[in-house]
Amino acid sequence: QVQLVESGGGLVQPGGSLRLSCAVSGSVSMIYAMAWFRQAPGKQRELVAAITMGGSANYADSVKGRFTISRDNAKNTVYLQMGRLKPEDTAVYYCNAEVVVVATVGDYWGKGTLVTVSS
């Protein structure tokens, strides 16, 4: 009933930029926090950035100053602007959202989008 669909991944050279988007659709009453996680091969999934409904954001130390998370509440969409990309940013990036459906809050995930940073 609730779907999160990521887009914007791809291959980029070191130092380049990418913008990820995640649109939430379905029986959505409200969306609380939204976040981006990533999982590199052989590693655990980790939080990259999160943003509250009011727009307060926090970031992993590894991406501070390079990535910016934002959201458009009218479109139920969250973005991740990634700059000065490094090979170690290569991972599958997942969107996460706390979605209110009627009176129940649920934690929802997208299927992920692959970001590859390589020359």
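These lines cover the structure that appears in this document, whether it is placed above or below. Computed from a predicted structure; not experimentally measured. Residue positions within a chain follow its written sequence, with the count starting from 1. With the structure being a predicted model, the display of local features is reserved for residues of pLDDT at least 70 and the display and counting of side-chain atom pairs for 80 or more, all residues being used for whole-chain, interface and lining totals. By convention in this description, side-chain values take in all heavy atoms of the structure and omit both hydrogens and water.

**Looking at the sheet that holds strand β8 (residues 77-82)**
Formally: Paired strands, in this sense, are two strands between which DSSP finds at least two bridges. Working definition: helices are DSSP H or I runs of at least four residues, strands are E runs of at least two. Numbering for both runs from the N terminus. Every angle, taken between N-to-C directions, lies between 0 and 180 degrees, and every axis is a line fitted to C-alpha atoms, over only the stretch in contact when it is a helix.
One open sheet holds the 4 strands; their spatial order is β1-β3-β8-β7, and the pairing between them is antiparallel. Here the strands that pair on one side only, and so sit at the sheet edges, are β1 (2-7) and β7 (67-72). Going across the sheet, the axis of each strand differs from the next one's by a mean of 15°, ignoring polarity.

**Focus: the nonpolar core**
Here is the rule: Here, the term nonpolar core denotes a set of buried Ala, Val, Leu, Ile, Met, Phe, Trp, Tyr and Cys residues that are joined through side-chain atoms within 4.5 Å. Burial classification: accessible surface area is computed with a 1.4 Å probe over protein chains only, and a residue below 20% of its type maximum counts as buried, one above 50% as exposed, and the rest as partly exposed. Contact criterion: two residues are considered in contact whenever any of their non-hydrogen atoms come within 4.5 Å of each other.
Trp36, Leu80, Met82 and Tyr93 are the most contacted members of the largest nonpolar core, which totals 30 residues. Looking at this core, the elements with two or more residues in it are β1, β3 (18-26), β4 (30-39), β5 (46-51), β7, β8, β9 (91-101) and β11 (113-117). Counting residues per element, this core draws most heavily on β9, which supplies 6 residues. The residues touching tyrosine 93, leaving out its near neighbours within four places in the chain, are Glu6, Leu20, Trp36, Phe37, Arg38, Val48, Phe67, Leu80, Met82, Gly112, Thr113 and Val115.

**Some details on the side chain of glutamate 6**
Applied cut-off: Charged-residue counts in this description rest on Lys and Arg as positive and Asp and Glu as negative, His and the chain ends being excluded. The salt bridge definition used is simple: a Lys or Arg side-chain nitrogen within 4 Å of an Asp or Glu carboxyl oxygen. Pairing of N or O atoms within 3.5 Å defines a polar contact, subject to two protein rules: one partner must be a possible hydrogen donor and the other a possible acceptor, and residues neighboring in sequence count only if both atoms are side-chain atoms.
Along the polypeptide, glutamate 6 turns up in strand β1. Nearest to the buried, unbridged glutamate 6 among oppositely charged side chains is arginine 45, at 7.7 Å. For glutamate 6, the side chain forms a polar contact with the main-chain nitrogen of cysteine 95, separated by 2.9 Å. Among the polar contacts made by the side chain of glutamate 6, one reaches the main-chain amide nitrogen of glycine 112 at a distance of 2.9 Å. Those residues in contact with glutamate 6, other than ones at most four positions away along the chain, are Ser21, Cys22, Trp36, Tyr93, Tyr94, Cys95, Gly110, Lys111, Gly112 and Thr113.

**What to know about a nonpolar patch on the surface**
Cut-off, in case you're wondering: For patch detection, residues must exceed 30% relative accessible area and be free of salt bridges, and they are connected within 9 Å for like charges or within 5 Å for nonpolar side chains (Val, Leu, Ile, Met, Phe, Trp, Tyr). Under the convention used here, a 1.4 Å probe and the Shrake-Rupley method define accessible areas, while residue burial counts only the protein chains that appear.
There is a patch of nonpolar side chains on the surface, built from Met30, Tyr32, Met53 and Val105 and spanning about 340 Å² of accessible area. One can find tyrosine 32 in strand β4. Its relative accessible area of 33% is what places tyrosine 32 among the partly exposed residues.

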